[in-house]
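One letter stands for each residue in the lines below.
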Amino acid sequence: MKLPRWNVWCMARFDQVRRALMDPQTFCSGAGVGISNSRKEAPWRPPSMLLETDPPAHTANRAAISRTLSPAAIRSLRERFESEAHRLVDSLLDQPTVDVVREMAEAFPLKVFADAIGIRPDGRDNLVAYGNMVFNGMGPRNELWHAAMANAEAVSKWVLDACRRDSLDPNGLGIQIYASVDSGEFTEEQAALMVRSFLSAGIDTTAHALASAMWLFAEHPAQWQKLREEPARVKNAFEEILRFESPFQMVFRTTTRDCVIDGVRILADEKVLLSLGAANRDPRKWPEPDRFDVTRAVTGHVGFGAGIHGCVGQMIARMEVEALLAALLEEISRIELADEPLRVRHNTLRGFEKLRVRLRR
Ligand code: OVM
């Protein structure tokens, strides 16, 4: 259907969303993946070389970033994530209540993910502000867009600075992108933009997933109990959390040609909203979609997207959430809400602004 207020098409069924994601020739990313067409309206930042790029350039850029995420690299991260998860949980155990958003959901990726990329330790709060700019920036230029951009210049400068070769830890993943400069594949500026992708996509998304996980288990103590009995279920639980809450709720594509989708004609050069969140709750695909069930057969959800633009960092995101949930499962028998939670109002992300819980041993 067409959303008249914004003059964009919208797909919300699982099959349609998935087919659009799998057909980047018709539904392209090069005109931006927010609501506005970056070929008609200047974007607020230089476009991403991954997210907002089509083949063939996308293919080469994606290969360069994939190379840094080798199985060996991922394996060595796991140990660090697990020890940091235990350290964080231990530090929170004796508090009467926990500010989930600040003390867990943001703090954990700001520590382990930023460490993994090799970002300097000071000023990392800029990464939360930047993610908020990136994802609110995909929506219409409403009050959320403007609020997110309030400090845009200083935050963007911090981020681009942090992406430079001489700012990066020589042992992190980020610096490895610069090997492609040394081999002549990218310029120094392009490498910095590629590192920027790690930082754009890697903090707020995971933070909202973590807060949503805590909320879901506070609301569904029997599901937490199931994980306690069989902690190996934590992997499937994370997929169900992503299906159910879908922190990255929507993404846009632009049609490259006239097409007919289930009998509806869409002309070329139109924006199409793909509702990942709705697709993940489509009753045509998921039996009882509004039931949160950590044992559900959940493979195939589109919480990480799908196809050539499917989340390149999904293994890292999984490891972060699994590590934190596993550490909690060892110590905590129940997660209780300590206050009325406050959802975040956001153009594209779903999660919490405020969430305070009690962790019961
Ligand atoms: C990027 C980027 C930004 C936001 C999200 C994303 C979900 C990627 O700059 O490449 O993937």
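Residues numbered from 1 in each chain as written. Predicted model: local features only at pLDDT ≥ 70, side-chain atom pairs only at ≥ 80, totals over all residues. Heavy atoms only, no water.

Q: What am I meant to see in the packing of aromatic side chains here?
A: Two descriptors summarise a pair of aromatic rings, namely the distance from one centre to the other and the angle between the planes of the rings. This structure, assessed with the given rule, holds eight aromatic pairs. The interplanar angle of 65° and the centroid separation of 6.1 Å between the aromatic rings of Trp-44 and Tyr-130 together place this pair among those described as edge-to-face. Separated by 86 residues along the polypeptide, Trp-44 in the loop between strand 3 (27-28) and helix 2 (57-68) and Tyr-130 in helix 5 (residues 125-136) bring together distant segments of the chain. According to the relative accessible area criterion, Trp-44 is partly exposed, its value standing at 26%. (Phe/Tyr/Trp six-rings, centres within 6.5 Å; stacked < 30°, edge-to-face > 60°. Helix = DSSP H or I, 4+ residues; strand = E, 2+ residues; numbered from the N terminus. Buried < 20%, exposed > 50% of the residue type's maximum accessible area, 1.4 Å probe, protein only.)

Q: I'm lost on the sheet that holds strand 5 (residues 250-255) in this one. Help?
A: Paired through their backbone hydrogen bonds, the strands of a sheet run either parallel or antiparallel. Overall, mixed pairing links the five strands, which are arranged 1-2-8-5-3 in an open sheet. Bordering the open sheet on either side are strand 1 (2-3) and strand 3, each of which pairs with just one other strand. Sheet topology note: the strand 5/strand 8 (residues 271-275) ladder contains five bridges and is antiparallel. Within strand 8, the position partnered with Phe-252 by the bridge is Leu-273. Each of strand 2 (8-11), strand 3, strand 5 and strand 8 is contacted by helix 1 (residues 14-21), which is oriented at about 125° to strand 8, the strand it contacts most. (Pairing = 2+ DSSP bridges. Contact = heavy atoms within 4.5 Å. Axes fitted to C-alpha atoms, helices over the stretch in contact; angles between N-to-C directions.)

Q: I would appreciate a short explanation of the site of the ligand in the present structure.
A: Inspection of the region around the ligand gives Arg-45, Ser-48, Leu-51, Val-134, Phe-135, Met-138, Ser-197, Ser-200, Ala-201 and Phe-248 as its neighbouring residues. At 2.6 Å, a side-chain N or O of Ser-48 approaches an oxygen atom of the ligand. Between the ligand and Ser-197, the relevant distance is 2.6 Å, taken from an oxygen atom to a side-chain nitrogen or oxygen of the residue. Out of a free accessible area of 300 Å², the ligand has 86% covered by protein chains. Those elements that place two or more of their residues in the shell around the ligand are helix 5 and helix 9 (188-202). Across the shell around the ligand, the residue classes break down as six nonpolar, three polar and one charged. (Near = heavy atom within 4 Å. Polar contact = N/O pair within 3.5 Å; in protein donor to acceptor, adjacent residues only side chain to side chain. Areas by Shrake-Rupley, 256 points an atom, 1.4 Å probe, with all protein chains shown as cover. Nonpolar A, V, L, I, M, F, W, Y, C, P; charged D, E, K, R; others polar.)

Q: Please clarify how the sheet that holds strand 4 (residues 98-99) should be interpreted in this entry.
A: The sheet built from three strands is open, its strands ordered 4-12-9 with antiparallel pairing. Strands with a single pairing partner mark the edges of an open sheet, and in this sheet they are strand 4 and strand 9 (334-337). One ladder, built from four bridges, connects strand 9 with strand 12 (residues 356-360); its direction is antiparallel. Within the sheet, the bridge partner assigned to Arg-334 lies in strand 12 and is Arg-360.

Q: Would you take a moment to explain unusual backbone geometry for this structure?
A: Glycine aside, residues mostly have negative phi angles, and peptide bonds mostly take the trans form. A cis geometry characterises the amide bond from Pro-55 onward to Pro-56, with omega recorded as 10°. In the Ramachandran plot, Ser-246 falls in the positive-phi region, its phi being about 40° despite a non-glycine side chain. Mapped onto the elements, Ser-246 comes out in the loop between helix 12 (234-245) and strand 5. Of the residues examined, Ser-246 reaches a relative accessible area of 1% and is grouped as buried.

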